[in-house]
Amino acid sequence: MGEEARALDMETSEENTTRRNHTVHDLMVDLYPLSSYYFGSRDALRVKDEIISDQVTRLKSNYAAHGLRTCVEAVLLVELFKHPHVLLLQYRNSIFKLPGGRLRPGESDIQGLNRKLASKLSINENVVVRDLEVGECIGMWWRPNFETLMYPFLPPNVKHPKECSKLFLVRLPVHQQFVVPKNFKLLAVPLCQLHEDEKTYGPIISQIPKLLSKFSFNMMEI
């Protein structure tokens, strides 16, 4: 019995060590220099939801037809000046967005995110942005009612929320080509600049530094 117990302890210890190694690996993010990526442009993309009243009307129509609306967005990181930078889409020089968008009915989070990344960052939505690794969901925001505010929690009294927005950490390969609609700009914004700047970047993007605080960044040299 003693030998069996020791063997079991050794096996358990090895499993724990393997699990810890996987955890450390999952929390380590390799960041490649911004200069290793190519940025091009293509025809302008039609933009919806420019007016708040239009957003509410569309949200009500979507909810009546399909129920809860789910959006998926990608947090893409690059290295510049030895500091993590987040790739953001800028529209009209004042509106900042993460690449992503709404899921279609029956579409999974990863399927929808890949489709939306193709729509925003590729030649067209039929050309998938290759070699992107969609990782874990690092944050979720909820819209309890037909209003503009979203919260990083679902109030306990809300049984039928109207929208859920999920942020996924997406790891980039060493090289990648991004082709952006010409009515957008793809900017690399320092992580430190986003921190709690809700006025400029909104309530979700400004919280990304906190969401990434559990990760370690490995600045890769090419």
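The name that an unreviewed UniProt entry assigns to the chain is Pre-mRNA cleavage factor Im 25 kDa subunit, with the source organism given as Camelina sativa. As recorded by UniProt, the Subcellular location (unreviewed entry) comment attached to the chain reads in full: "Nucleus". According to the UniProt record, the Sequence similarities (unreviewed entry) comment for the chain reads "Belongs to the Nudix hydrolase family. CPSF5 subfamily."

Trainee: What is the right way to look at the nonpolar core in this model?
Mentor: The tendency in soluble globular proteins is for nonpolar side chains to be buried as a group. Ranked by size, the top nonpolar core spans 24 residues in total, and within it Leu113, Leu121, Leu172 and Phe178 carry the most contacts. The set of elements that each furnish at least two residues to this core consists of strand E3 (69–80), strand E4 (83–91), helix H3 (109–121), strand E8 (163–171), strand E9 (176–181) and strand E10 (184–190). With residues up to four places along the chain from it excluded, the contact list for Leu172 reads Tyr32, Tyr37, Leu76, Leu77, Val78, Leu87, Leu132 and Phe178.

Trainee: Is there a simple way to explain the side chain of Arg115 in this structure?
Mentor: Within the secondary structure, Arg115 is located in helix H3. Among the residues examined, Arg115 registers a relative accessible area of 12% and is labelled buried.

Trainee: What should I look at first to understand the pairing of E8 in this one?
Mentor: Two faces belong to every sheet, and in a regular strand the side chains alternate between them. The buried fraction of E8 amounts to nine of the nine residues, a majority that puts the element mostly inside the structure. Because side chains alternate across E8, one face comprises the buried residues Glu163, Ser165, Leu167, Leu169 and Arg171, and the other comprises Cys164, Lys166, Phe168 and Val170, equally buried. As paired elements, E3 and E8 share eight bridges and run parallel to each other. Bridged to Val72 within E8 is Lys166.

Trainee: Can you walk me through helix H2 (residues 52–66) in this structure?
Mentor: Given 3.6 residues to a turn, an α-helix orients residues that are three or four positions apart in the same direction. In a regular helix each residue adds 1.5 Å, so 15 residues correspond to 21 Å; H2 covers 21 Å between its end C-alpha atoms and thus fits that length. Count one or two residues on from H2 and you reach Gly67, which has phi positive near 85°.

Trainee: Sorry if this is basic, but what is going on with unusual backbone geometry here?
Mentor: Note on backbone geometry: most residues besides glycine have negative phi, and most peptide bonds are trans. Phi at Asp131 takes a positive value of approximately 65°, unusual for a residue other than glycine. The phi dihedral of Glu196 is positive, around 55°, even though this residue is not glycine. Residue placement: Glu196 occurs in the loop between helix H4 (191–194) and helix H5 (198–205).

Basis of the calculations
- Residues numbered from 1 in each chain as written.
- Predicted model: local features only at pLDDT ≥ 70, side-chain atom pairs only at ≥ 80, totals over all residues.
- Heavy atoms only, no water.
- UniProt positions renumbered as here; feature names shortened; annotations may be inferred.
- Core = buried A, V, L, I, M, F, W, Y, C linked by side-chain atoms within 4.5 Å.
- Buried < 20%, exposed > 50% of the residue type's maximum accessible area, 1.4 Å probe, protein only.
- Helix = DSSP H or I, 4+ residues; strand = E, 2+ residues; numbered from the N terminus.
- Contact = heavy atoms within 4.5 Å.
- Pairing = 2+ DSSP bridges.
- Expected span 1.5 Å × (residues − 1).

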